[in-house]
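Descriptive analysis of the structure
Chain residues, written in single-letter form:
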Amino acid sequence: MSPTNKKKLNQLRIKLDKLDNDLLKLIKKRSSLVNEVLKVKIHKKEIIDQKRINFILKKIKKKSIQTNIDPKITNRIWKNMIWSFIDYEKRNFRKK
């Protein structure tokens, strides 16, 4: 790699690192909201709402296409996020 490209790569990585930090802040906010949702749920079976999951994934796909983002990427990210939070809810259900 040329010195110019190496410098450019480092600058891009710095931007990616900053973006990662911003994403972590958003995940923290989402976690707080999920904790609030968890307080409202009475039964463990309420944790997984397949209709809601399908609605979210459909909405994300539509928005991804509208904003010219590869929908396969966003679908994978959201599925992983949803199931990670479902796991979190299951582990923390009734630990209020």
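As a reminder, the structure under discussion sits directly above these lines.
Residues numbered from 1 in each chain as written. Predicted model: local features only at pLDDT ≥ 70, side-chain atom pairs only at ≥ 80, totals over all residues. Heavy atoms only, no water.

Examining unusual backbone geometry
One non-glycine residue with positive phi stands out, namely N68, at about 60°. Relative to the helices and strands, N68 is located in the loop between α2 (50–66) and α3 (71–92). (Helix = DSSP H or I, 4+ residues; strand = E, 2+ residues; numbered from the N terminus.)

Considerations on the pattern of salt bridges
Enumeration over the complete set of coordinates arrives at four salt bridges. Among the ionic pairs, E36 bridges to K39, the shortest N-O distance being 3.3 Å. Here E36 pairs with K39, and both are found in helix α1 (residues 3–40), just three residues apart, close to one helical turn. Given the relative accessible area of 44%, E36 is considered partly exposed. The residue E89 makes a salt bridge to K41 at a minimum N-O spacing of 2.8 Å. With a gap of 48 residues between them, E89 in helix α3 and K41 in the loop between α1 and α2 connect regions that are remote in the sequence. Using a relative accessible area of 6% as the deciding quantity, one classes E89 as buried. Residue K41 is classed as buried on the basis of its relative accessible area, which comes to 15%. (Salt bridge = Lys/Arg side-chain N within 4 Å of Asp/Glu carboxyl O. Buried < 20%, exposed > 50% of the residue type's maximum accessible area, 1.4 Å probe, protein only.)

Concerning the packing of α1 against α3
Between α1 and α3, the least distance of the axes is 11 Å, while the angle of their chain directions is 45°. In terms of orientation, α1 lies oblique with respect to α3. By crossing handedness, the relation of α1 to α3 is classed as right-handed. Residues I27, R30, S31, V34, N35 and L38 of α1 pack against M81, F85, Y88, E89 and N92 of α3. Residues belonging to the contact of α1 with α3 are distributed by class as follows: six nonpolar, three polar and two charged. (Axes fitted to C-alpha atoms, helices over the stretch in contact; angles between N-to-C directions. Parallel < 35°, antiparallel > 145°, perpendicular 65-115°, else oblique. Left-handed = near helix turned anticlockwise from the far one by under 90°. Contact = heavy atoms within 4.5 Å. Nonpolar A, V, L, I, M, F, W, Y, C, P; charged D, E, K, R; others polar.)

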